[in-house]
Every structure is written in structure tokens, then in C-alpha cells.
Amino acid sequence: MSDFGEILKAIGGFGLFQKIIIFALCFPNLILPFHFASVFFVQSDPERHCNTDWILKAGPNLTTEEQLNLTLPREKDGSFSKCQMFVPVDWDIDTIREYGLNETTGCQSGWKYDRMLYEATIVTDFDLVCGHVNLVQVAQTLLMAGILLGSLLFGPFAESFGRKRATQIPAVVMLIFTVTTGFCPNFYLYLVSQFMVGIGYGGYRLNSIILATEWTGVSKRSLGSCVSQLFSALGQGLLAGLIYCIRDWRLAQLVIASPLVVVALYIWFIPESARWLIDRGRTKEAKKWIFKVAAINKRTVPDSLLEEITEKETVEKGGIRFLIRSAVLMKYFFAIAFAWFSLNVTYYCLSFNVGNFGLDVFVTQLVFGLSELPAHVLCIWLLEVLGRKILLISTLLIGGLFCIFILAVPDGNAVAVTALATMGRFFMNWAGSICNVYVQELFPTCVRQTTSGLGNIASRIGGLLAPLLNMLAVYHGAIPTIVFSSLSLVSGALIFLLPETMRKELPDSAQEAEGNRNTAKMKKQSDSVAVSMPENRSVKSTKL
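A. Structural context of the overall build of the protein chain. For the protein chain, the count of helices and strands is 23 helices and 6 strands. Summarising the internal contacts of the protein chain: among those between residues at least 6 apart in sequence, 80% fall at separations of at least 24.

Printed below as a string of C-alpha cells:
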């Protein structure tokens, strides 16, 4: 069978076609960070007091100050209680003034919010305060759970039904439930809509990167992941501007849905991965796309390569069983999955704390987003200079150390804490780009989508646990930082178990993947033998 890498070289591994498809598949990543708008930008403890308008029936001419004095108890510091009120009574206003009210209860008619940073958030619309304050973390957790399930569902789905369908369906799911989120009348429907958005998010992120990578030649293979992450970082910066200008979370959802309409339309014209089609034995479809790509790239297709494609008679079945049968591949998978899990725990623990570092929330989010841009630009270059292994080890270890240093900063030094958190997040995001590339190069085609999906599941479990880990700060503020920093350092050490994959063709069989270290040498030896032998066969080519 012809090596698909050789076919890509012939038709153009990074021509006009690859540039178009990489841009088309990566552009939605500019929008995906916006889906975190309703759970990132929440004012967790806004200025508020119980709604006590009941007293206006007895004294309609009361000033606001008089109303609060008569109906709200005070805290020890003299401020009005945010969660308690005096029990309403059926007295006239003079009796209330003379005897006063003493019996307290929780807010019975909701809250009134004052001096809000936003016009409306899920906290104020659904009253997620006082006894319901932890429901904000529940919303964050459920969104991450949806992303996890999306990776779980659409990883195996893509192995059976193709990368194309597994990219298109999540894009449509995101569009539908982004709109429904903005119209949710209660918190429970909001949770369901966000969960479904998460499923679309997880499925799209996973499959779009792999689809772009499998159409790209070996010299530019890292672009699919790195450009995707680059757009995502830019989206993080734009998210700060979006919420600064639109401070109503419902309106923000509708604004987010607008570009998703465009994505949901053009995504149906994205081609299937020819590498996957060949691996599934669907050679006629694969040849059709190979000719189309060659035409777009203005290249010729050698007949000899196309003839060899038909020689594959059996389809090598992949899946989890295939992975478990190989001790070497399981070792690779454990190391890369643990790294992915650790970096996502760290990344989202820092991200969900965007409003708690002491600086302006919009400035912090903007710094978070823009600081990631150089990480992904550097990643594109350094992956081809230093390789995958040393770069992943370095980013995990350095990022973990920056997070540890947060513990040494004195309380109240918001600038230092934000700077260290930004650097930690910078290196974790960088490590995420490398994992996206690395996981595809370590495993053969028949199990590549499964391992990428399982790796994404491990990373999403990290994101799922991040809000819960942050909740441990109520026992001691240092607990979350100690945990996620330690995970990053340990995972960085485990990457020493992996081989280097730089400038090697994607493996198409278990033997190639397990012998990763020696594949390049063997290929060079075979090439040198082929050159030394006389060549009598004439090669025909068909010009498109």
C-alpha cells in the first residue's frame, strides 16, 4: 500500500488547499472562548439586600434609607445584611416605627442589586447568592462536563463515521444551544443548554484539529493544532472586549451565535480526511479527494501511487481494545493523557479565578488572552526546532514552578499574583498545543482518533475538577495552588517516557508506532538502497 505521506508530498503537503482548510477549521476557535462568558464573568458577591417592598403598603412615602433601616438587620460591621430580613408583619407604619421588628428570616421575595459591574449575569438573573452561591461552580462544572462528554462521544464517532461528520454535527449543536441559552427562563434550563453547548465544544475542538492535521504534510503538521490554539488565544482577548461592551449575558449569547451561523453553513463543504478513507478501505472516495486537492494545489498525481492504494484489502480495526493490546502504546497514552489532565486542571483553576486576583476583571482577562498569542507563535517555530518531547517537558515544569511561586507572594499584592498566574497559564496553554500535536504523532491511524478522544477526555476531566478544586480554598487558600502545581511538575517528569516524533511521518500501523524511534532510520536505509539499484520502470503521471 502506498504511504499517504508520499501522496501528500506529490499533491502538495502545504499548498493552497491546506491553507484554506486550516483557516476554515481554526476560525471557529476564535468564537469558542466566548461560550465561557456567562461563567467567567460573574460578580459572585454583588452588593445587594433582600427585597422588602412589602413595607411600602404600610408606608408608601418611605425613603429608601428608612425602608432599609426598618426592614433589614445589620451585620457586626454596621452594614445591612445581604441574606437576612425582618419577618414581614401586618402592622401600620407608626407601630413598626414605635416597636421595631426583631424576628429575622431569609430573603422571601428575592434581592435587589446595587452598584453592579454588569447589567445582568446568571448570578443576578437566577439569584445565585447566599445559600445558592455554590451553584456558580455547578454551572462551571456542568459546562466542563459537557465538553468532556463531547470528547467521549465524538472521538469514537469519528473512527466509525469519519472526521468530517464529527466536526459538522458539533458545530450545529453549538449554534442551536447557544441561542437557547440566551432565552433560558430558569437556572435548570440554563444548565441543560450549557451542557449541550459543552458537548458541541468538546466534539468540535477534538475533530477539527485532527481533520486539519491529516491533510497537512509532515513539515507543517503542527500548524493545525498551533493555529487553532492561536485563534483561541485571540478569542480570549476579544472575550474581555465583548463583555466590557455588552454587560448583559443574555445579549452576549445572541452576539456569540451570529458568527456560528456562518460556521454552521460553510462547515458542510469541508472534505473528509483521505487518510481516514484509505484506512477504512474507501479508496474511490479517497482518490476523488486526492485529485481535487491536487487540482487546487496545481500539482500532478503519479499513477504509481494511486495504483498502490488499491492493494489494501483488509481494514485494520482500531478502538480501545487495539490500544490495550500494546503495552508500549498504553505507556505512551498514560504519559500524554496525564500531562493533558494536569495542564487543564491548572489552566481552568486559574481561568475561573479571573475575578479574584485583585485587578480589574476585564484587564486580567485581556492580559490572559493576549499573553497566550506569543506562546502559540513560538510553538509553531520551536516544535520544528527543539521537537515535541523537550518542549512539552519544559512548558509543564516551568508553568508548574510559576504557579508554586504564587504561594510566596504576600497577601494583597494583586500585580504579582496576576503576573505569576498569567505566566503559569501561558505555559499550560503552550503545553496544550504540544499535546494536540504529540498525541496524533504517537499513535497509528486506526486508533489516532480514539487516543485523541480519550486524551481530550482526560483533559476535560481536569477542567471538570477545576471548579471543585477551587472550592477547597474555603479550608485554606493555598490548597488549590499546591494541588494543580504538583500535578504539572509530576506530569512534566513523566514525559521522559515518550519518544521524539519530530519530522516523522504519521504511523499507519501499530508496528510503526511502537518502533517510532527506529522508523526514520529504517526509512533512510531503504531509500539509500533504492537509490543504488538501477531503475528500469518508467513512471507515468497524470496532469490535472
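B. Representation of the packing of aromatic side chains. Counted by the stated rule, this structure contains 19 aromatic pairs. Between Phe-427 and Trp-430 the ring centres are 5.9 Å apart and the planes differ by 15°, which places this aromatic pair in the stacked class. Note that Phe-427 and Trp-430 are positioned in helix α19 (residues 414–442) at a spacing of 3 residues, about one turn of the helix. Members of the aromatic cluster, connected to one another through ring pairs, are Phe-126, Phe-187, Tyr-188, Tyr-190 and Trp-249. Positioned above the aromatic ring of Phe-80 is the side chain of Arg-74, whose terminal nitrogen or guanidinium carbon lies 4.0 Å from the ring centre. The ring of Trp-289 is capped by Lys-292, whose NZ or CZ atom sits 4.5 Å from the centre of that ring.

C. Spotlight on the state of the cysteines. Taken as a whole and judged by the stated rule, the model has 2 disulfides. A sulfur-sulfur distance of 1.7 Å marks the disulfide that ties Cys-50 to Cys-107. On the sign convention where negative means left-handed, the S-S torsion of about -60° between Cys-50 and Cys-107 marks this disulfide as left-handed. Highlighted residues: Cys-50 in strand β1 (residues 47–50) and Cys-107 in the loop between β3 (104–106) and β4 (111–114), separated in sequence by 57 residues. Like Cys-50, the residue Cys-107 is buried in the burial classification. Bridging Cys-83 to Cys-130, the disulfide has an S-S length of 1.9 Å. One quick way to see it: the torsion about the S-S bond of Cys-83 and Cys-130 is about -95°, and its sign makes the bridge left-handed. Within this pair, whereas Cys-83 is found in the loop between α4 (64–71) and β2 (84–86), its partner Cys-130 is found in the loop between α6 (122–125) and α7 (135–161), the two being separated by 47 residues in sequence. Numbered by order of appearance in the sequence, the disulfide-linked cysteines of the protein chain pair as 1-3, 2-4.

D. Examining empty space enclosed by the protein more closely. For the coordinates displayed, the defined rule picks out 2 cavities of 30 Å³ or more. Computed from the structure, the largest cavity encloses a volume of approximately 320 Å³. Lining the largest cavity are 26 residues, and of these Arg-205, Gln-229, Asn-344, Tyr-348 and Arg-460 sit closest to its centre. Those elements that provide at least two residues to the lining of the largest cavity are α9 (187–214), α10 (223–245), α16 (327–351), α19 and α20 (445–471). Here the lining of the largest cavity is composed, by residue class, of 13 nonpolar, 11 polar and 2 charged. Empty space within the second largest cavity amounts to approximately 70 Å³. Lining the second largest cavity are 13 residues, with Ala-37, Phe-41, Ala-120, Ile-243 and Trp-249 positioned closest to its centre.

E. Quick peek at the nonpolar core. Tyr-190 and Trp-215 are the most contacted members of the largest nonpolar core, which has 147 residues in total. Top contributing element to this core by residue count: α16, with 15 residues.

F. Quick look at the side chain of Gln-194. Its place among the elements puts Gln-194 in helix α9. Residue classification places Gln-194 among the buried residues on the basis of a relative accessible area of 1%. Discounting chain neighbours no more than four positions away, the residues touching Gln-194 are His-35, Ser-38, Val-39, Leu-143 and Thr-181.

G. Local environment of the pattern of salt bridges. If you walk through the whole model with that rule in mind, you get 9 salt bridges. Measuring nitrogen to oxygen at the nearest pair gives 2.9 Å for the salt bridge that ties Asp-53 to Lys-112. With a gap of 59 residues between them, Asp-53 in the loop between β1 and α4 and Lys-112 in strand β4 connect regions that are remote in the sequence. A salt bridge links Arg-282 to Glu-285, with the nearest nitrogen and oxygen atoms 2.8 Å apart. Residue Arg-282 is classed as partly exposed on the basis of its relative accessible area of 34%. Overlapping salt bridges bring together Glu-384, Arg-388 and Glu-441 as one network.

Quick notes on the rules
- Residues numbered from 1 in each chain as written.
- Predicted model: local features only at pLDDT ≥ 70, side-chain atom pairs only at ≥ 80, totals over all residues.
- Heavy atoms only, no water.
- Helix = DSSP H or I, 4+ residues; strand = E, 2+ residues; numbered from the N terminus.
- Contact = heavy atoms within 4.5 Å.
- Phe/Tyr/Trp six-rings, centres within 6.5 Å; stacked < 30°, edge-to-face > 60°.
- Lys NZ or Arg CZ within 6 Å of the ring centre and 35° of its normal.
- Disulfide = S-S within 2.5 Å.
- Buried < 20%, exposed > 50% of the residue type's maximum accessible area, 1.4 Å probe, protein only.
- 1 Å grid on protein atoms, 1.4 Å probe; cavity = no way out; pocket = protein on both sides within 12 Å on 5 of 7 lines; lining within 4 Å.
- Points joined across faces, edges and corners; volume = space filled by probe spheres on them.
- Nonpolar A, V, L, I, M, F, W, Y, C, P; charged D, E, K, R; others polar.
- Core = buried A, V, L, I, M, F, W, Y, C linked by side-chain atoms within 4.5 Å.
- Salt bridge = Lys/Arg side-chain N within 4 Å of Asp/Glu carboxyl O.

Remember, this is a structural readout, not a statement about activity or role.
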